[in-house]
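Structural description and commentary
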Amino acid sequence: MLSEDIIRIGSPIASGDLSNEQRIRWLTDVDNDVCKNFFQNVFLLEIFADKIAFHYLRIGDGEGKNFQVAKNRNTAFPIIYPNGGNPIHAQGIYPVPVYLMYEKHIKDMNKEKEFASEVVLPRLKKTVTYKNESDEKLEFIAQKVAALLKENYDSFIEDEKQLGILCICDLNSPSFKRLSTNKIDKKLLRITESKLFPGSHLYLDGDIALGGIIEAKFSEAKELGYKKKAISTITNQPEEEVVSIYNKSWLWLSPTWEMPKSILWGKSDWTNGIKVDKKSYEAFLYGTQFLKQITVPISSAILKEMFAPYMNVEAKRNMRNTSFEPIYGVPLVVPLLDGDSQQLYKRYSRILKQEDLTDADLHLEILAGINRIIPRFSDEHRLNLLYYSGDLSRGNMHIRLMLTDVIPSVAEKLQTLIRDINTIDLFDIRAFFTLNQDRKFYRIQSLPSIVSNAFGPGYTWSTLQTIFNQQPLRINRVYEATTRKLVELANKEDYWGMMDELVFHYAFLAFYNKYNQEIVKNKERVKTLSDWNALIEKYQGGKISLEDLQEAEQLGFVTGLLLKQFSNSYRFKTGHDDFVKHRVMKFGSKVTPEMIWKLGVLRCKELKEQWNMNLASNFEKVLANVLLAFIEADNKKLLINEKDKFMTAFWSGYLVYKKEQKEEDNENGN
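As a starting point, this report considers the structure included with it. Keep in mind the model is a prediction, meaning the values are calculated, not measured. (Residues numbered from 1 in each chain as written. Predicted model: local features only at pLDDT ≥ 70, side-chain atom pairs only at ≥ 80, totals over all residues. Heavy atoms only, no water.)

1. A closer look at the overall build of the protein
What counts, and what does not: Every helix listed is a DSSP run of H or I at least four residues long, and every strand listed is a run of E at least two residues long, numbered separately from the N terminus. Any pair of residues with heavy atoms lying within 4.5 Å of one another is described as a contacting pair. All accessible-area figures derive from a Shrake-Rupley calculation using a 1.4 Å probe, and residue coverage is judged against the displayed protein chains alone. Positive charges come from Lys and Arg alone, negative charges from Asp and Glu alone, with His and the N- and C-terminal ends not counted. In this description, the location of a charge corresponds to atom NZ of lysine, CZ of arginine, CG of aspartate or CD of glutamate.
Each helix and strand counted, the protein has 25 helices and 18 strands in total. Reported as C-alpha extents along the three principal axes, the dimensions of the protein are approximately 115 × 55 × 50 Å. Sequence separation of 24 or more characterises 68% of the internal contacts of the protein that already satisfy a separation of 6 or more. Here the protein displays about 30200 Å² of accessible surface, and carbon together with sulfur accounts for 48% of that area. With 90 positive and 88 negative side-chain charges, the protein shows a separation of 1 Å between the mean positions of the two kinds.

Shown next, in the form of structure tokens:
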């Protein structure tokens, strides 16, 4: 259950040894980039008894887009950015009298009565630290604040758009402190110097602010369901009070999404779904903030590999990286057992800071396309991967995939496997086709890219689930797709493109064999370059026997070698185009094993004699066995049942064949 995972992630953070300043950073939006411009205009109203003073502050340095928030001061203004709704109106519950001000609010600060009654008073009534105050006192504060803002209006108003923060530093309330010294307790957060008491400093009480934040969030949740003396879904124990977990604290569990709600529930009956106690809810808040911080978009290069057209090579080439909807990835590392909270928190901090990490840690860009590195965890944890698209801040999002219960040691093996494919195997495959070793090959850089290029975008998510759960893969679709793309490129005589497709094909086959051997632990394997190298050596010596041609792939590969050797002499003697292009692939037809057999191999002997072609001695020896093998394959229905394996191997042999010196001598009549 997603909510339980979030709570298990948040618990070590909630119970860790964090300072008030760090906790406020976790639970509010003071460090949210979306909120940084609010700190350019801070309207601070200092109140004591019936006295009031106005401060205009900038909590940071720089101008416009270059403005940077002062990290040593912003936690004294614990703002919470609204999720959804109209931010012009008072929303939710406010922990302390610190409120976001939008352009309309700031422009209307010269309208004293309206600003007091429509902006300040509704927010005061929804503030935790004022919940026991009378309406008369709150109206008095609102009027004093509005009057002083109007009086100073000309000193801060500008023509361009402004965002800001309204902070009511009420020294009559225990939330704020005034001290004559700057050396204070760490629980206090410095705001600025006092104007009512020159030489003194104003502070926000961090303990009260944190209590207000938890109370505000818990009170918001009560609006959708609240029970006393009930059993928490999370602890499975009787709790003093429980609330619904469906709320706007985190919009993956937003009540604006009606699916989890029964038609029999009332508007405040959401506790019938998931009900959570206050301690678990606090952990949930920390967990959601942590996930917000580690959420990253998948790079556009990986998205192109994942979702570009699969069967059409030309269409994929013409797709731009910007053609795809952004998809976000979230890694969740969940402990199976309750352990050392402080150690877990330190590991979570390493994920956020991306410091002190090594190649031995889990690089999720390789495994999942997510640009995050996870420190090595034991198998007493599980890695869950969540992908979504849309705008989370508006609650308009769609979960693409939730990969659960990934064992860290399995993820490590997969990471090593993919790295080996990109270094050792890719080098050997390119050498096999005599291709440039320097060009980057994005298709096998990450597991999602490998899976999508092998099986197609429609199978990406399900195949990732299969791999991380250590289940066997079905490979027939890979051969089918490779064959279709090779035929498309062959008709265009794009032989470099064909070799590019075959490089990926054999890289995937290397992945497949290693995956079966190291992850699934079964003996199934497919033919790779080592098999073909042995056949090439036999072919060149004219030692191919009928036993070497019993499988469709073996027959296809040797036929490719044979027809390429014949084609070289055919072009030299006749001056025509490539033999297969000229005689077999008539008018761009989709070439099949039967066409290769009947229009290609069967004509070789006749055309050789007709044109008096000087072919090396190995050709005649191999041709006889290939003709016999085709008859046997036809009887066994191999040319139909395994046509894709045959065709992939055929083009591999055809493109990899190289002339030997004695063959060139024969062609030249030496």
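2. Quick notes on the packing of aromatic side chains
For any pair of aromatic rings, the description consists of the separation of the ring centres together with the inter-plane angle of the planes. Selection rule: Any pair of Phe, Tyr and Trp rings, taking the six-membered ring for Trp, is counted once the centres come within 6.5 Å. Such a pair is stacked with planes under 30 degrees apart, edge-to-face with planes over 60 apart, and tilted for the rest. Whether a residue is buried, partly exposed or exposed follows from its accessible area with a 1.4 Å probe, protein chains only, as a fraction of its type maximum: under 20%, in between, or over 50%, in that order.
Under the criterion given, the structure shown has 31 aromatic pairs. Ring centres 6.1 Å apart and planes at 20° place the aromatic pair Tyr56 and Phe156 in the stacked group. Residue Tyr56 is located in strand 2 (residues 51-57), and its partner Phe156 is located in helix 6 (residues 153-156); the two are separated by 100 residues in the primary sequence. The class of Tyr56 is partly exposed, set by a relative accessible area of 31%. Phe156 gets classed as buried once you look at its relative accessible area, which sits at 1%. Between Tyr387 and Trp461, the aromatic rings sit 4.8 Å apart at their centres with planes inclined by 45°, giving tilted as the arrangement. Placement of Tyr387 in strand 17 (residues 381-391) and of Trp461 in helix 15 (residues 460-468) is noted, with a sequence separation of 74 residues between them. Take Trp461: its relative accessible area is 14%, and that puts it in the buried class.

3. Observations regarding the sheet that holds strand 11 (residues 238-244)
Test applied: A pair of strands is treated as paired once DSSP finds two or more bridges between them. Lines fitted to C-alpha atoms define the axes here, with helix axes fitted over just the stretch in contact, and angles between the N-to-C directions of these axes take values from 0 to 180 degrees.
Taken in spatial order, the three strands line up as 10-11-12 in an open sheet, and their pairing is antiparallel. The open sheet has two edge strands, strand 10 (226-231) and strand 12 (275-277), and neither has a second partner. Within the sheet, the average angular offset between the axes of one strand and its neighbour, ignoring direction, is 45°. The sheet contact formed by strand 11 and strand 12 spans three bridges and is antiparallel. The residue of strand 12 that forms the bridge with Val243 is Val276.

4. Description of helix 8 (residues 278-294)
The condition is simple: Here a helix's expected span is defined as the number of its residues, less one, multiplied by 1.5 Å.
Under the 1.5 Å per step criterion, the end-to-end length of helix 8 is 25 Å for 17 residues, consistent within 8% with the ideal 24 Å. Among the residues of helix 8, Ser280, Tyr281, Ala283, Phe284, Leu285, Tyr286, Gly287, Thr288, Gln289, Phe290, Leu291 and Ile294 are the ones counted as buried.

5. So, the sheet that holds strand 14 (residues 327-335)
Here four strands make up an open sheet; going across it, the order is 13-14-17-18 and the pairing antiparallel. In the strand order of this sheet, the two ends are held by strand 13 (296-297) and strand 18 (396-406), each with one partner. In this sheet, strand 17 lies alongside strand 14 in antiparallel orientation, the contact comprising nine bridges. Among the inter-strand pairings, Gly329 is bridged to a residue of strand 17, identified as Tyr387. Along the sheet face, helix 15 touches strand 14, strand 17 and strand 18 and points at about 20° away from the line of strand 18.

6. Quick look at helix 19 (residues 552-574)
In this model helix 19 runs 31 Å from its N-terminal to its C-terminal C-alpha over 23 residues, within 8% of the 33 Å that 1.5 Å per residue would give. Here helix 19 lies mainly inside the structure; 20 of its 23 residues are buried. At the C-terminal side of helix 19, Gly575 shows a positive phi close to 80°.

7. Considerations on the packing of helix 9 (residues 300-307) against helix 14 (residues 447-455)
Note the following rule: Any angle from 65 to 115 degrees is called roughly perpendicular, while one under 35 is roughly parallel, one over 145 is roughly antiparallel, and all others are oblique. By convention, the crossing between two helices is left-handed when the near helix turns anticlockwise from the far helix through less than a right angle, and right-handed when the turn is clockwise. Any residue that is not Ala, Val, Leu, Ile, Met, Phe, Trp, Tyr, Cys, Pro, Asp, Glu, Lys or Arg is counted as polar, Gly included; the first ten are nonpolar and the last four charged.
In contact at an axis separation of 7 Å, helix 9 and helix 14 are set at 25° when each is read in the N-to-C sense. Between helix 9 and helix 14, the interaxial angle falls into the category roughly parallel. Like other packed secondary-structure pairs, helix 9 and helix 14 cross with a definite hand, here left-handed. Contact residues: Ile302, Glu305 and Met306 in helix 9; Pro448, Ser449, Ser452 and Asn453 in helix 14. Per-class residue counts for the contact of helix 9 with helix 14 are three nonpolar, three polar and one charged.

8. A few points about the packing of helix 2 (residues 20-27) against helix 8
Running from N to C, helix 2 and helix 8 cross one another at 70°; their axes reach a closest spacing of 8 Å. Between helix 2 and helix 8, the crossing angle belongs to the class labelled roughly perpendicular. Touching Arg23, Trp26 and Leu27 of helix 2 are Leu285, Tyr286, Gln289, Phe290 and Gln293, all from helix 8. A class-by-class count of the residues in the contact of helix 2 with helix 8 yields five nonpolar, two polar and one charged.

9. A word on the pattern of salt bridges
Quick reminder of the rule: Any carboxyl oxygen of Asp or Glu that lies within 4 Å of a side-chain nitrogen of Lys or Arg is treated as forming a salt bridge with it.
Going through the model one piece at a time under the given rule, you end up with 32 salt bridges. The partner of Arg525 in a salt bridge is Asp531, with the nearest N and O atoms 3.5 Å apart. On the basis of relative accessibility, which here comes to 46%, the residue Arg525 falls in the partly exposed class.

10. A closer look at the nonpolar core
Keep this limit in mind: Only buried residues count toward a nonpolar core. Its members are Ala, Val, Leu, Ile, Met, Phe, Trp, Tyr and Cys residues joined through side-chain atoms within 4.5 Å.
The biggest cluster of nonpolar side chains holds 189 residues, and the ones touching the most others in it are Phe77, Tyr387, Phe433, Phe508, Phe511 and Trp651. The element that contributes the greatest number of residues to this core is helix 17 (residues 495-520), accounting for 15 residues. In contact with Tyr387, other than residues within four places in its own chain, are Ile298, Ile327, Tyr328, Gly329, Ala368, Ile370, His398, Ile399, Arg400, Leu401, Leu403 and Trp461. Formed by 27 residues, the second largest nonpolar core is a distinct cluster that contains Phe43, Phe54, Leu149 and Ile168.

11. Section: unusual backbone geometry
One can expect most non-glycine residues to show negative phi and most peptide bonds to be in trans. Phi is positive for Thr434, which is not a glycine, with a value near 50°. For Thr434, the location among the structural elements is in the loop between helix 13 (408-432) and helix 14. One non-glycine residue with positive phi stands out, namely Glu493, at about 55°. Relative to the helices and strands, Glu493 resides in the loop between helix 16 (476-491) and helix 17.

12. Quick notes on the side chain of Ser194
Test applied: In the analysis that follows, any N or O atom pair within 3.5 Å is treated as a polar contact, provided that within protein one partner can donate a hydrogen and the other can accept it, and provided that, for residues neighboring in sequence, both atoms belong to side chains.
Position of Ser194 among the secondary structure elements: in the loop between strand 8 (188-193) and strand 9 (201-205). Judged by its relative accessible area of 7%, Ser194 is buried. At a separation of 3.2 Å, a polar atom in the side chain of Ser194 contacts the main-chain amide nitrogen of Leu196. Excluding residues that lie within four positions of it along the chain, Ser194 makes contacts with Glu46, His55, Ser200, His201 and Leu202.

13. Focus: the side chain of Gln289
Along the chain, Gln289 turns up in helix 8. Gln289 sits in the buried class, given a relative accessible area of 10%. Residue contacts for Gln289: discarding those within four places in its chain leaves Trp26, Leu27, Thr28 and Asp29.

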